[in-house]
Amino acid sequence: MVKISPLADWTESQVWDYIRARGAPYNRLHDRGYPSIGCEPCTRAVRPGQDIRAGRWWWENPEHKECGLHRGPDVASAGGLARQDAER
């Protein structure tokens, strides 16, 4: 199977220019500091100047940064943070 992404060579700025110019729908969490959105326990808002993906898998060990590995006690303490940030 071959997968092709038509946006693979677009910059973040080009994507946002396209969205604004055409009124394309997007997730409103982007407006609240979530530049990279994943599942609820793996996502949080990032601070200005942080890497765009700093809010993804923020609570996991660096060698295990993949959705689906939500096992162990850390999930309970991490869960709900993205939801709480989104409600602010």
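> Mind showing me how you'd approach the side chain of S36 here?
Relative to the helices and strands, S36 is located in the loop between α1 (12–22) and α2 (74–78). Residues in contact with S36, not counting those within four places in the same chain, are T43, I52, R53 and R56.

> Would you mind showing me how to read the environment of E40 here?
Mapped onto the elements of the fold, E40 is located in the loop between α1 and α2. Residue E40 is classed as partly exposed on the basis of its relative accessible area, which comes to 26%. As a C-alpha pair, E40 and R56 span 16 residues in sequence and 9.7 Å in three-dimensional space.

> What's the story with the pattern of salt bridges in this structure? I'm lost.
With the rule as written, the count across this model stands at 1 salt bridge. Its salt-bridge partner being D31, residue R28 comes within 3.9 Å of it at the nearest N-O pair.

> Help me out: how do you make sense of a nonpolar patch on the surface in this one?
On the surface, L7, W10 and Y18 cluster together to form a nonpolar patch covering roughly 270 Å² of accessible area. Within the secondary structure layout, L7 lies in the segment before α1.

Definitions and limits used
Residues numbered from 1 in each chain as written. Predicted model: local features only at pLDDT ≥ 70, side-chain atom pairs only at ≥ 80, totals over all residues. Heavy atoms only, no water. Helix = DSSP H or I, 4+ residues; strand = E, 2+ residues; numbered from the N terminus. Contact = heavy atoms within 4.5 Å. Buried < 20%, exposed > 50% of the residue type's maximum accessible area, 1.4 Å probe, protein only. Salt bridge = Lys/Arg side-chain N within 4 Å of Asp/Glu carboxyl O. Patch = residues over 30% accessible without salt bridge, like charges linked within 9 Å, V, L, I, M, F, W, Y side chains within 5 Å. Areas by Shrake-Rupley, 256 points an atom, 1.4 Å probe, with all protein chains shown as cover.

Worth remembering: the numbers are spatial, not functional.
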